[in-house]
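A structural walkthrough
Given next are the chains, with one letter for each unit.
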Amino acid sequence: MKKKIIYLGCLIALLLVTSCSDSFLNVESPDKESIDEYYNSQSRIFEALVAAYGPLEWFDYSFGEYNPILTMSDIMADDVWVGGADRTDNKFWHLMANYEALPTQVMTNAWTTCYSGINRSNNVIYYMDDVKSIPDATKNLYLSEAKVLRAYYYTILWKFWGNIPYYTKNLSYPYIQPQSKADEVYAGIIADLDDAIKNGGLPMKADGSEYGRVTLSMAYMLYAEVVMYQNDASKYDTALQYMNNIISSGKYQLVSKYDSIWTKSGEWCDESIWEINYKNEGAIRSWGNPQAAGGTVLPRLISPKDWADGTAGRDNGWAFEPVRKETYNIFEAGDTRRNATIFDASKYTYTKRYEDTGYFLNKYMARTGYNAGQKADADLNYGNNLRIYRYSETLLNAAELLVRGAKGTGDAKTYLNMVHSRSGLTDVVDATIDNILQERRWEFVGEGKRYWDLIRTGNAAKVLVPDTYGYRTNSWTDKKKYLPIPQGEIDAAQGTLTQNNY
Amino acid sequence: MVITSNLAYSHMRAKGITTNSEFGSALGSALMLSPILTVYAPDEAAALAEYAGNSDFTPVRDPRNGKLYTIAGSNYNEIVNPLASLSLPGATNWTDKFVGNFSGELNLWQQLRFKTSFGADLAFWGDDGYTKKYYLTSNNKATRSQVYSQMNRSLTWQIENTLSYDKKIGEHNFSLVLGQSAQETSGRQLGGSNYDMVEEDGSKANINFTTGMQEDGDMAVYGGATTPHTLSSYFGRISYNYAERYMLQATVRRDGSSNFGPNKHYATFPSFSLGWNITNESFMEKRPEWLTSTKLRFSWGKNGNENIGAFGYMALTSTGNNYIFGNGEQLTNGTKPSILANKDLHWEESVQTDGGIDFGFIGNALTLSVDYYVKRTNGMLMTMPVPTYVGESKPTGNIGKMENRGLEFELSYKFKVNECNFNIGGNASYLKNKLIDLGNSTGYSNYDSMQGLGTITRAENGQPFPFFYGYKTAGIFQNMDEVRSYTHTTSDGTTTLIQPNAVPGDVRFVDVNGDGKIDDNDRTKIGNGTPRWAYGFNINVNWKNFDLSMMWQGTIGNDIMDVTRRVDISYVNLPSYMLNRWTGEGTSNKYPHFVMGDNVNWQSSDLYVKDGSYLRLKNIQLSYTLPKMWTSKLFVSSLRFFVSAENLLTFTKYDGFDPEISSGGTSLGVDRGVYPQARVWSVGASLNF
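Overview of the structure. Only a predicted model underlies this, so the values are computations on that prediction, with no experimental measurement involved.

Turning to the packing of aromatic side chains, a few remarks are in order. All names here are of chain A. The tally for this structure, following the rule as stated, stands at 72 aromatic pairs over all chains. Summarising the aromatic geometry, the rings of F160 and W161 are spaced 6.2 Å apart at their centres and angled 55° between planes, so their arrangement reads as tilted. Under the relative-accessibility criterion, F160 is labelled buried at 4%. Its relative accessible area of 0% is what places W161 among the buried residues. Sitting above the plane of the W81 ring, R324 keeps its charged end 3.7 Å from the centroid.

This next bit is on the packing of helix α9 (residues 216-230) of chain A against helix α14 (residues 391-403) of chain A. All names here are of chain A. Where α9 contacts α14, the axes come no closer than 11 Å and their chain directions differ by 40°. Relative to α14, the element α9 is oriented oblique. Pair α9 / α14 crosses with left-handed handedness. Only E393, T394, N397, E400 and L401 of α14 make contact with α9, whose side of the interface consists of M221, A224 and M228. Considered class by class, the residues forming the contact of α9 with α14 number four nonpolar, two polar and two charged.

With that settled, consider the interface of chain B and chain A. The interface is formed by 81 residues belonging to chain B together with 85 residues belonging to chain A. Ranking the residues of chain B by area buried against chain A places Y323, F325 and Y389 of chain B at the top, with a combined share of 13%. Remark: the boundary between chain B and chain A carries two salt bridges. Close ionic contact of D379 of chain A with K141 of chain B constitutes a salt bridge, the shortest N to O distance being 4.0 Å. For the interface between chain B and chain A, the tally reads 18 residue pairs in polar contact (both at pLDDT 80 or more). The element that contributes the greatest number of residues to the side of chain B that touches chain A is strand β8 (residues 220-242) of chain B, accounting for eight residues. Grouping the amino acids of the side of chain B that touches chain A by side-chain chemistry returns 33 nonpolar, 37 polar and eleven charged.

So, on to a positive patch on the surface. A cluster of like positive charges, contributed by K432, K434, K472, K525 and R532 of chain B, occupies part of the molecular surface. If you trace the backbone, K434 of chain B turns up in strand β21 (residues 420-437).

The next subject is the sheet that holds strand β26 (residues 467-470) of chain B. Residues and elements named next belong to chain B. If you trace the four strands from one edge of the open sheet to the other, you get β22-β25-β26-β31, paired in antiparallel fashion. Unpaired on one side and paired on the other, β22 (444-446) and β31 (524-527) mark the two borders of the sheet. Across this sheet, the average inter-strand angle for adjacent strands is 45°, counted without regard to direction. One ladder, built from three bridges, connects β26 with β31; its direction is antiparallel. Bridged to G470 within β31 is T524.

Scanning all chains against the criterion turns up 62 salt bridges over all chains. Here R353 of chain A makes a salt bridge to D89 of chain A, at a shortest N to O gap of 3.9 Å. One end of the pair, R353 of chain A, is in the loop between β2 (342-344) and β3 (359-361); the other, D89 of chain A, is in the loop between α4 (69-74) and α5 (91-97), and 264 residues separate them in sequence. Across this residue pair, the class does not change: R353 of chain A and D89 of chain A are buried. K610 of chain B is the salt-bridge partner of D562 of chain B, the closest N and O atoms lying 2.9 Å from each other.

The next subject is the sheet that holds strand β34 (residues 559-562) of chain B. Overall, mixed pairing links the three strands, which are arranged β35-β34-β38 (chain B) in an open sheet. The open sheet has two free edges, formed respectively by β35 (609-611) and β38 (670-671) of chain B, since each of these has just one partner strand.

Residue and element names in this part refer to chain A. A surface patch of negative charge is lined by D36, E37, D129 and D130. Positionally, D130 belongs in the loop between α6 (109-127) and α7 (136-161). We classify D130 as partly exposed; its relative accessible area is 32%.

All names here are of chain A. For helix α8 (residues 182-199), spanning 18 residues, the distance from its first C-alpha to its last is 26 Å, which sits close to the expected 26 Å at 1.5 Å a residue. All buried positions along α8 are accounted for by A182, V185, Y186, G188, I189, I190, D192, L193, A196 and I197. Those residues of α8 hidden inside the fold are in contact with α7, α9 and α10 (236-249). Looking one or two residues past α8, G201 carries a phi angle of roughly 70°, positive in sign.

Reading the values: rules and limits
- Residues numbered from 1 in each chain as written.
- Chains lettered and ligands numbered in written order.
- Predicted model: local features only at pLDDT ≥ 70, side-chain atom pairs only at ≥ 80, totals over all residues.
- Heavy atoms only, no water.
- Phe/Tyr/Trp six-rings, centres within 6.5 Å; stacked < 30°, edge-to-face > 60°.
- Buried < 20%, exposed > 50% of the residue type's maximum accessible area, 1.4 Å probe, protein only.
- Lys NZ or Arg CZ within 6 Å of the ring centre and 35° of its normal.
- Axes fitted to C-alpha atoms, helices over the stretch in contact; angles between N-to-C directions.
- Helix = DSSP H or I, 4+ residues; strand = E, 2+ residues; numbered from the N terminus.
- Parallel < 35°, antiparallel > 145°, perpendicular 65-115°, else oblique.
- Left-handed = near helix turned anticlockwise from the far one by under 90°.
- Contact = heavy atoms within 4.5 Å.
- Nonpolar A, V, L, I, M, F, W, Y, C, P; charged D, E, K, R; others polar.
- Buried area = accessible area lost by both parts, 1.4 Å probe.
- Salt bridge = Lys/Arg side-chain N within 4 Å of Asp/Glu carboxyl O.
- Polar contact = N/O pair within 3.5 Å; in protein donor to acceptor, adjacent residues only side chain to side chain.
- Patch = residues over 30% accessible without salt bridge, like charges linked within 9 Å, V, L, I, M, F, W, Y side chains within 5 Å.
- Areas by Shrake-Rupley, 256 points an atom, 1.4 Å probe, with all protein chains shown as cover.
- Lys, Arg positive; Asp, Glu negative; His and termini not counted.
- Charge placed at Lys NZ, Arg CZ, Asp CG, Glu CD.
- Pairing = 2+ DSSP bridges.
- Expected span 1.5 Å × (residues − 1).

Encoded structure:
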């Protein structure tokens with residue numbers, strides 16, 4: 001009997017030892033911390049800010065889709081064709097270019113990428129309150145950068161889709177945000193930019209080691225872009241003031257050779273106001289992880305098919321975005337921008353794909369060696385930065401605002417001719433709206449500006465009409481200003497999203 | 001006191017290939033390449049010359065004979081020569097597993113017993129592999145060799161203590177069990193890789209045999225502890241039996257899981273069952289000879305599911321969200337919340353009600369069982385269908401209600417003819433699956449989609465989960481008159497063409513919603529992958545020392561969506577049913593004419609949906625046992641030889657490779673190139689001492 005009691009005692013002890021309290025079921029992650037207490041120092045909140053920059057690199061390929069953001073508007077304009085293997089290759093590009101996109105056949109990567117960026121920017125602002133011991137100047141700087149980034153992402157959504165959900169604080173259950181009208185989104189973008197410009201302490205130009213960060217000049221350029229696209233005359237004076245601030249700061253000037261802008265050594269040249277950074281040396285972007293920071297796939301997309309790598313310093317590609325023959329002819333004799341923009345492949349051997357013209361976009365073509373040193377997938381890791389804002393646009397913006405009646409200093413004709421003569425042309429042009437728009441056309445082929453210029457000046461319906469080749473069979477109409485909202489979003493939004501009247 | 005222990009060890013090595021993918025599985029690639037392409041390049045010099053200028057190009061040769069494999073070319077996008085792809089070295093997976101179990105049982109007092117058991121599962125596994133330089137297509141190549149290796153370890157321990165008590169009072173039998181159990185899984189992982197092997201030699205594929213430099217960033221290493229997972233339960237069961245006539249059993253469990261947040265760890269799961277042995281009743285004593293036994297059963301119970309990843313209820317930090325700054329192109333570290341957290345995440349619960357009756361006839365030589373059940377699952381753990389504009393990956397939530405109801409039959413018959421013993425059994429089950437509530441306000445959600453087809457599966461309230469989604473077709477337009485007569489008349493009398501852009505040879509789509517045009521709103525349910533009936537039967541015959549056994553299985557009423565063809569690549573090989581396509585008036589009323597870059601006729605529609613019912617002889621075995629007289633002389637208690645075959649015969653109308661496809665979840669019934677099951681012949685012997 002004694003033995004049995006001892007046994008019983010041991011077993012009951014065993015039971016008690018293994019009796020489970022709630023703490024047994026509370027596990028800790030071995031390699032992550034809870035987000036709620038994480039952002040408590042300056043270096044950590046800076047990490048959140050860096051995460052807000054991350055989505056800038058995703059546009060060219062993510063979520064299974066290629067949406068290089070400058071190309072997506074250019075294919076809807078008249079400088080380039082879509083290209084590729086045939087009309088089913090990147091089918092939604094072809095449908096968008098012919099103004100017949102569908103909610104089930106429209107770009108969705110850009111939508112997801114922009115909202116990811118907005119979510120991360122909102123987080124910087126939300127978690128800033130938790131941060132202890134951060135100097136006020138740094139705090140304002142980080143908040144302004146987050147606001148300008150948020151404005152930049154919303155600008156892309158606003159231009160392509162117009163009537164979108166707009167929020168400045170991240171959503172919680174049930175994760176539905178009512179749709180805002182395009183004008184309301186515009187007001188939100190302006191509010192963010194005003195706040196950042198006035199309170200931010202943003203530097204006019206970044207130091208060498210900080211190239212890529214938001215600067216005051218970049219915020220100014222975004223402001224002007226948005227105001228001019230909206231044709232909001234009440235803000236022209238402020239926009240002109242901002243352009244003049246950039247000009248008078250003396251920190252930027254036009255480089256003398258236009259073609260040098262587009263090479264590796266031309267990245268962050270004196271003329272460059274803001275670029276999206278990509279790298280090739282040691283880059284690890286891969287098909288399995290396309291959101292890793294690394295290189296870009298745009299050069300591979302737009303280079304000639306079956307091109308022998310290294311010929312004329314160029315590599316092969318998938319033959320998208322071929323430049324139209326007509327675009328070659330818009331340039332005047334002596335304009336160095338023509339050869340800098342357009343690469344003539346007709347003398348070489350390569351496979352001609354759909355809509356081939358023999359001309360390719362030289363600015364972003366795959367140059368031999370520009371993906372050297374990459375460590376993952378060669379197609380995804382070209383180091384070409386995407387040039388978003390250049391000083392020549394500042395000058396042309398200022399000239400146009402002055403001609404449109406904005407009040408401020410500066411002479412439109414001088415500004416216009418600074419850009420005009422840099423290109424190698426020797427004549428002197430008058431500052432009229434048409435001349436400025438023509439200069440913009442010559443200056444910005446393939447830089448994602450032509451489509452928006454046509455729309456904002458009311459010329460889209462006249463210019464974007466069916467062509468003689470049968471590639472574009474529909475005309476642009478006002479209804480086409482806003483793309484269809486992706487069907488998946490309409491389905492998930494439980495009736496709160498109204499489809500655009502495309 | 002009784003102590004038992006078990007220990008088992010297993011070791012496994014495996015190499016695998018990609019299956020069921022339209023993006024380059026071995027079988028999918030073989031289906032899609034042109035049949036004119038040969039396995040090896042017919043003119044090696046010409047093939048090599050084509051890539052002469054390409055510095056990324058390293059030819060892939062058959063290691064057995066050195067011949068160059070044909071390169072499919074860029075017209076096939078990412079589809080490559082499958083034999084070339086299979087000839088490349090891959091990873092070998094290995095596993096070592098120790099499973100041990102110790103238990104002790106102690107009789108405490110009369111009928112009170114205490115049992116404790118402790119089990120442990122210690123597993124080590126990993127993979128080692130290497131890549132040599134190769135070029136299959138511009139997107140599928142390696143310009144440097146690489147060696148990679150990974151080792152994992154995990155330990156799962158489980159402890160269970162039960163106290164049981166049996167008591168018999170006259171005709172009443174009681175049994176009571178109380179218990180507690182706990183389990184924890186934890187583990188570690190370490191892996192690494194490096195570039196540039198000294199020589200591309202498989203036998204020397206080790207990370208130490210590489211020349212990649214750490215300062216160049218060639219070496220990669222990762223690892224750490226894995227998130228632990230714990231479960232804890234308390235349970236009690238009472239069984240009552242009166243004279244083997246009336247039976248009752250009731251159970252209560254309280255289970256807790258670490259996958260849910262504080263306050264949501266635990267959930268309670270009760271259940272009970274009743275049984276009535278009708279034939280043991282006094283009024284059944286004068287029953288006919290052939291009615292041996294009849295039992296009526298009823299049960300109701302709740303159980304739960306917590307099979308999701310950890311930390312769905314709380315957001316952690318996620319690093320690696322980097323950006324590049326500066327002239328020096330510095331990669332700068334960024335962090336963000338890992339997910340959208342859902343604090344209310346809790347156990348998924350299902351309630352099942354079952355009623356059944358068992359019959360035994362002729363001394364239980366013939367038995368029959370019939371069951372009817374209804375199972376409802378509430379709060380299914382699924383990804384919440386929130387909009388993408390939320391800016392983060394979608395959270396997991398307890399949404400959705402599903403119902404499964406079914407009927408099951410089981411029949412078996414044993415009989416003897418002369419010296420032959422027969423044992424025949426069969427079962428059939430009928431299943432009706434219905435999604436009651438998806439958990440969002442629209443009541444539907446689109447799931448899988450494919451390039452060029454659009455959405456192919458969808459879930460909707462009141463329908464089976466999931467179902468195939470697409471257009472309904474109604475033949476082919478044979479001539480322009482048919483196109484012109486396919487019209488829609490509105491209420492105010494205007495007549496419009498429903499398919500104004502159609503030409504003869506195009507598919508006639510049904511205008512399901514009657515609005516006069518074919519668009520996304522005309523897509524509807526065109527089939528589903530859940531079988532109506534699943535059945536099987538087995539036959540065992542024994543004559544003297546020979547044994548023959550057969551097992552058949554089959555399904556009725558399931559559809560398969562055959563999406564093995566990539567419609568977005570114009571140059572792929574077409575399936576044989578395309579020989580029956582429309583080529584002129586009257587040639588076909590099912591398949592449309594072939595057009596390069598066709599983006600209209602091959603959207604998701606019932607052209608892809610095929611009948612997947614099948615009957616398959618799953619296993620047949622013939623064996624002979626040597627007579628005991630002979631074998632006992634050699635101290636062998638039995639020696640048996642057998643020959644058997646698996647998957648010997650299949651009867652089906654499905655023209656794909658295998659109707660028994662294993663795609664599940666939201667892809668139930670979708671065939672993207674599933675690797676078919678092999679027909680296996682085996683010969684063997686079994687020896688008992």
